[in-house]
Structures are given as structure tokens and as C-alpha cells.
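A closer look at the structure
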Amino acid sequence: YALGGPFAPLKDFEYALLFLTPPTLIRFVAELLRTPFARLARMLSWIGIGGAAIVALPGLGVNLALLPAIEIFIVVCGAVAMVELYRARGTPEARILLLACAVALLLVGRDIAVDRGLVTGARITPLGFVAFGIGLFLSSGDHTLRLRRETEDLRQHLEDRVAERTRELALA
């Protein structure tokens, strides 16, 4: 409301972002963990892109009608992401993201319950996004640190491998 301007286009933009956020996060996590996600995760990404295109159409009627679908979509994407992260739990990055995703999903689920009148209280989904963002930063930092260590290890051992190969060639 503080942005001024027409309300409906801003709401259209917000709903489009709600559909685009899970596919974007799924793709980022898949790249970070260097693991292709299952076909279901890729399919959910395309559904999110299609949903964003639909809710970007003018008028809030479609958006309001799709709100329950958006909420279900976000929960399903979160659950699929958690399954994929659990599969990749051998990496420190996946363990951090699994915890962050669980916290975010719990908070989103609580706000869905608030929307449905099942519980009362303030909406706390933004805290879930903060938790997931912190998880992304921590896992990205761990990933970068691990890559730097691997690069340094390869660099140090490269000279040893070159000397060993030179000896092998000299003997042959």
C-alpha cells in the first residue's frame, strides 16, 4: 500500500512471484548440490511458470480463485524439495538446506492455517523466507569453502602426479 499506484497490478505481480519462487529455489538448490532433481521437481517448476503466466493476467478474480491452489503448490514444492534434499543429505549443504526448508515449510503451513481460520495470530511466512535465505547463505558458503579446498588439494597434488607420470614415461 505504501508503494502507491494501482493496487491490482501490484497484487498480480505478487501472485506471479508466489508461483515463481518455488521453481527458482528448486533450480538453485539443484545447481548448488550438483544433482539433477527428479522429474516431479522439474514438472513443478514448469507448473509454477505456467501459474505465474496465468496470474499475471489483469484482474484479481483469477488470483483470488487460485489462492488455495497457490498455497497447495507451495507446500507440494516444499515437500518435494525436502525429499530431494533428504536424498542428497550426505553433503553439508543439503543438511543445512533441509533444516531451513523444514522451518520455512512449517511457517508457511501455519500461515495457511491462519488464512483458513484454523488458528489465529500474525502471519509469519516472511520469517520462513528469512530462515530459508539464511540456509541458502550458509550452504553456499560451505559449498564455496569445499570447492576452494578441493581446488587447493588438486593444485598441490598436481605437481606430484606430473612428477610420477614423468618417471613412468622415463622408464618406458
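Residues numbered from 1 in each chain as written. Predicted model: local features only at pLDDT ≥ 70, side-chain atom pairs only at ≥ 80, totals over all residues. Heavy atoms only, no water.

1. Let's talk about the overall build of the protein
The number of helices and strands found in the protein is five helices and zero strands. Against the globule reference of 16 Å for 172 residues, the protein gives a C-alpha radius of gyration of 22 Å, more extended than a compact globule. Reported as C-alpha extents along the three principal axes, the dimensions of the protein are approximately 80 × 35 × 30 Å. Scored against the burial criterion, the 172 residues of the protein give a buried share of 31%. When the accessible area of the protein is evaluated, it comes to approximately 11,100 Å², of which 70% is carbon and sulfur surface. (Helix = DSSP H or I, 4+ residues; strand = E, 2+ residues; numbered from the N terminus. Rg over C-alpha atoms; globule rule 2.2 N^0.38 Å. Buried < 20%, exposed > 50% of the residue type's maximum accessible area, 1.4 Å probe, protein only. Areas by Shrake-Rupley, 256 points an atom, 1.4 Å probe, with all protein chains shown as cover.)

2. Re the pattern of salt bridges
Under the definition given, this model contains six salt bridges. Put simply, Arg 165 and Glu 168 hold a salt bridge, and the shortest N to O gap is 3.2 Å. Residue Arg 165 and its partner Glu 168 are located together in helix α5 (residues 125-171), separated by three residues, close to a single helical turn. The class for Arg 165 is partly exposed, based on a relative accessible area of 46%. The exposure class assigned to Glu 168 is partly exposed, which follows from its relative accessible area of 37%. (Salt bridge = Lys/Arg side-chain N within 4 Å of Asp/Glu carboxyl O.)

3. Re the packing of helix α4 (residues 92-115) against α5
The contact between α4 and α5 brings their axes to 8 Å, and the two run at 175 degrees. The angle between α4 and α5 places the two elements in the roughly antiparallel class. Residues Pro 92, Glu 93, Ile 96, Leu 97, Ala 100, Cys 101, Val 103, Ala 104, Leu 107, Val 108 and Asp 111 of α4 form the contact with α5, whose own contacting residues are Thr 125, Leu 127, Gly 128, Ala 131, Phe 132, Gly 135, Leu 136, Leu 138, Ser 139, Asp 142, His 143 and Arg 146. Its residues assigned to classes, the contact of α4 with α5 shows 14 nonpolar, five polar and four charged. (Axes fitted to C-alpha atoms, helices over the stretch in contact; angles between N-to-C directions. Parallel < 35°, antiparallel > 145°, perpendicular 65-115°, else oblique. Contact = heavy atoms within 4.5 Å. Nonpolar A, V, L, I, M, F, W, Y, C, P; charged D, E, K, R; others polar.)

4. Examining the confidence of the model for the protein
Detailed reading of predicted coordinates is not advised where the pLDDT is low. Of the residues in the protein, 95% have a pLDDT of 70 or more, and the chain-wide mean is 81. For the protein, the element scoring lowest by mean pLDDT is helix α1 (residues 7-33), at 78; α5 scores highest, at 87. (pLDDT = per-residue confidence, 0-100.)

5. Some thoughts on the environment of Asp 160
As for its placement among the helices and strands, Asp 160 is situated in helix α5. Through-space distance from the C-alpha of Asp 160 to that of Thr 91 is 28 Å; in sequence the pair is 69 residues apart.

6. Side note on the environment of Phe 73
Mapping Phe 73 onto the fold places it in helix α3 (residues 60-87). Given a relative accessible area of 7%, Phe 73 falls into the buried group. Along the sequence, Phe 73 and Leu 18 sit 55 residues apart, while their C-alpha atoms lie 9.4 Å from each other. Those residues in contact with Phe 73, other than ones at most four positions away along the chain, are Phe 19, Pro 22, Pro 23, Leu 44, Ile 47 and Gly 48.

7. Some words on the side chain of Glu 71
Within the fold, Glu 71 resides in helix α3. Reaching out from Glu 71, the side chain makes a polar contact with the side chain of Arg 116 at a distance of 2.5 Å. Contacts of Glu 71, omitting those with residues within four sequence positions, involve Ile 112, Asp 115 and Arg 116. (Polar contact = N/O pair within 3.5 Å; in protein donor to acceptor, adjacent residues only side chain to side chain.)

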